[in-house]
Amino acid sequence: MVSRVRVWLNRTYAENVFFMDQLRRNPSDRAVEIHATHGDPDSPVLAAADTAELEPENLSPAGYVEYALDQCARRGIDVFVPRLHQSAIVAHRAEFEAVGTALLAPPPEAVAVFHDKVIAYEAVQAIGVPVPPWWRVRSSDELVAAVEELEEAGHKACFKPASGAGGVGFRVITRSPFSMVHLSGFPSPYVPLDLVLEALRRAEEPVDWLVMPRLEQPEVSVDCLTGPDNRVRLAIGRTKNGRRRGFTLHEQWLEPARLIAEGFGLHYLSNIQFRMFGDRPVLMDVNTRPAGGLHQLSLCGVNAPWAAVQLALGEDPGEVIPPFLGQDYTVVSGPRPLRPVSLPHQRPEATEQQPLPAVPADSVEATAPQATVGALPL
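Just so you know, these numbers come straight off a predicted model, no measurement behind them.

Draft legend 1. Main features of the overall build of the chain. Secondary structure assignment for the chain yields eleven helices and 17 strands. Computed over its C-alpha atoms, the radius of gyration of the chain comes to 22 Å, within 12% of the 21 Å expected for a compact globule of 378 residues. Along the longest, intermediate and shortest principal axes, the C-alpha atoms of the chain span 65 × 50 × 45 Å. Out of the 378 residues belonging to the chain, those deemed buried represent 51%. Taking contacts inside the chain between residues at least 6 apart in sequence as the whole, the part at least 24 apart equals 66%. Carbon and sulfur atoms make up 54% of the accessible area of the chain, which totals about 17600 Å². Averaging the coordinates of the 34 positive side-chain charges in the chain and doing the same for the 46 negative ones gives two points 4 Å apart.

Draft legend 2. Spatial organisation of the packing of helix H6 (residues 108-115) against helix H7 (residues 117-126). Two elements in contact, H6 and H7, have axes separated by 5 Å at closest approach and are oriented at 110°. In terms of axis orientation, H6 runs roughly perpendicular to H7. Residue-level inspection shows Val113, Phe114 and His115 of H6 in contact with H7, the latter providing Lys117, Ile119, Ala120, Ala123 and Val124. Per-class residue counts for the contact of H6 with H7 are six nonpolar, one polar and one charged.

Draft legend 3. Structural detail: the environment of Phe19. Tracing the sequence through the fold places Phe19 in helix H1 (residues 17-24). Taking the relative accessible area as the measure of exposure, Phe19 reaches 3% and is therefore buried. Separated by 26 residues in the primary sequence, Phe19 and Val45 place their C-alpha atoms 9.8 Å from one another. Look past the residues within four positions of Phe19 in its chain and what remains in contact with it is Leu9, Leu269, Pro290, Leu294, His295 and Pro305.

Draft legend 4. Broad picture of the sheet that holds strand E8 (residues 171-174). Pairing in this open sheet of five strands is mixed, and the strands run E6-E10-E7-E8-E9 from one edge to the other. Only two strands of the sheet have a single partner each, and these edge strands are strand E6 (135-137) and strand E9 (190-192). In this sheet, adjacent strand axes meet at a mean angle of 35° when their direction is disregarded. As paired strands, strand E7 (residues 157-161) and strand E10 (residues 209-213) are joined by five bridges and run antiparallel to one another. Following the sheet pairing, Ala157 is matched in E10 by Pro213. The strands touched by helix H8 (residues 140-152) within the sheet are E6, E7, E8 and E10, with E6 carrying the most contacts at an inclination of about 150°. Packed on one face of the sheet, helix H9 (residues 193-202) meets E7, E8, E9 and E10 and runs near 70° to E9.

Draft legend 5. Representation of the pattern of salt bridges. Across all of its chains, the model carries 24 salt bridges by this definition. When the shortest N-O distance is used, the salt bridge between Arg24 and Asp50 registers 3.4 Å. Of this pair, Arg24 sits in helix H1 while Asp50 sits in the loop between helix H2 (44-48) and strand E3 (51-54), and the two are 26 residues apart along the sequence. Under the relative-accessibility criterion, Arg24 is labelled partly exposed at 30%. Its salt-bridge partner being Asp208, residue Arg136 comes within 2.8 Å of it at the nearest N-O pair. Remark: Asp208 occurs in the loop between H9 and E10 and Arg136 occurs in strand E6; sequence separation between them is 72 residues. Each of Glu53, Asp70, Arg74 and Arg75 takes part in one network of salt bridges that share partners.

Draft legend 6. Main features of the sheet that holds strand E1 (residues 5-10). The strand order across the open sheet built from five strands is E3-E2-E1-E4-E5, with neighbouring strands paired in parallel fashion. Both edges of this open sheet fall to E3 and strand E5 (102-103), since each of them pairs with a single strand only. As defined by bridge partners, strand E2 (residues 32-38) adjoins E3 across four bridges and the pair is classed as parallel. Bridging across to E3, His38 finds its partner in Leu54. Where H1 meets the sheet, it contacts E1 and E2, and its direction lies at approximately 165° from that of E2. Of the strands in this sheet, E1, E2, E3 and strand E4 (79-81) touch helix H3 (residues 61-75), which is tilted by about 155° from E1.

Draft legend 7. Here's a closer look at the environment of His38. Locating His38 in the fold gives a position in strand E2. Of the residues examined, His38 reaches a relative accessible area of 13% and is grouped as buried. Taking the C-alpha atoms as reference points, His38 and Asn10, separated by 28 residues in sequence, lie 6.2 Å from one another. Apart from the residues within four sequence positions on either side, His38 is in contact with Arg11, Thr12, Ser43, Val45, Leu46, Glu53, Leu54 and Glu55.

Draft legend 8. Looking closely at the pairing of strand E14 (residues 268-277). When you tally the buried positions in E14, you get nine out of ten residues, the bulk of the element. Here seven bridges tie E14 to strand E15 (residues 280-287), and the two strands are oriented antiparallel to one another. Opposite Phe274, over in E15, you have Leu283 as the bridge partner. Counting the residues that bridge the hairpin from E14 to E15 gives two residues, and of these Gly278 lies at a positive phi of roughly 70°.

Draft legend 9. Summary view of the packing of H8 against H9. Put simply, H8 and H9 touch, their axes get as near as 9 Å, and they point 155° apart. Between H8 and H9, the interaxial angle falls into the category roughly antiparallel. Here Ser140, Leu143, Val144 and Val147 of H8 come into contact with H9, specifically with Leu193, Val196, Leu197, Leu200 and Arg201. Looking at side-chain class alone, the contact of H8 with H9 contains seven nonpolar, one polar and one charged residues.

Each value, and the rule that gives it
Residues numbered from 1 in each chain as written. Predicted model: local features only at pLDDT ≥ 70, side-chain atom pairs only at ≥ 80, totals over all residues. Heavy atoms only, no water. Helix = DSSP H or I, 4+ residues; strand = E, 2+ residues; numbered from the N terminus. Rg over C-alpha atoms; globule rule 2.2 N^0.38 Å. Buried < 20%, exposed > 50% of the residue type's maximum accessible area, 1.4 Å probe, protein only. Contact = heavy atoms within 4.5 Å. Areas by Shrake-Rupley, 256 points an atom, 1.4 Å probe, with all protein chains shown as cover. Lys, Arg positive; Asp, Glu negative; His and termini not counted. Charge placed at Lys NZ, Arg CZ, Asp CG, Glu CD. Axes fitted to C-alpha atoms, helices over the stretch in contact; angles between N-to-C directions. Parallel < 35°, antiparallel > 145°, perpendicular 65-115°, else oblique. Nonpolar A, V, L, I, M, F, W, Y, C, P; charged D, E, K, R; others polar. Pairing = 2+ DSSP bridges. Salt bridge = Lys/Arg side-chain N within 4 Å of Asp/Glu carboxyl O.

Everything listed here is a matter of coordinates, which is why it stays silent on function.
Written out as structure tokens, the structure reads:
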């Protein structure tokens, strides 16, 4: 009898409840049990898992590695999909292998290149992948110089942290003074230059920003599955243009994504994002982890999470070609159950069950759903 596969996701995005669903509905009909840990007791991934624990807070990267090794040994984890402290974890791959756990993550050299967006842009440009013009900014004077040069060329300037993920800290510079326009409707990513400069001058520490032109749609995220042999098994583009989403296999997006995935050894699942600068695609960002929207490839008849787990276990799935491209769709929110506030549900056969710490009854509704997102056709 084929043994079950035990998979751990640590402090991952709420949307990865769909990643977990796909692992269980794998085409190999293999038994999969999922362990999840998180710092938020109301994360829906805890409710979606077979076993779950709250993670300890304030661990150093080294301390977190020790915690992760203990989890893998005690829980019998076959495949670990690390998000939090990925760079520290992959540096100890041999230690995880020694306790029987495969890391579904790239080698440390690849993670290091794409941790810093400036280093990443320089590296991919060197292998022939187009990137937008960019400036590294650490002071108000450097910001003004970068914005003026972009505006003289007819572009809107934007900035984001040189290290970061998920669009956190992204802002678009405007010359319009702060007014009631900024206080009407929903919050906007546009920020007046004078307020940014004032904040920079009053800051106690320098910033580390990447300033670049505001890139145009469509945005195309290419999900790649790459083997330890640096050969891409899967590459499918997910397009985004306003609310409308879709899929593409056009080589103008896939070719540069393959160059990056194979050239830098982005083993297992990665997500490589492009936008338009003028009339050509340029690199926007590279994620060395599975994208939150990876599950949307199921609309093309592809189960990417399971193919990645197979690869991590040494069971090469071969080239993964979508049997069709799904129709255009949009993303909407929907309810997912949460754990009770006192005792988490665990599968009866799960071993070493450890209940989540109790949460005061006035801090969360025991049966309240948390919204996650799913795809609907247009």
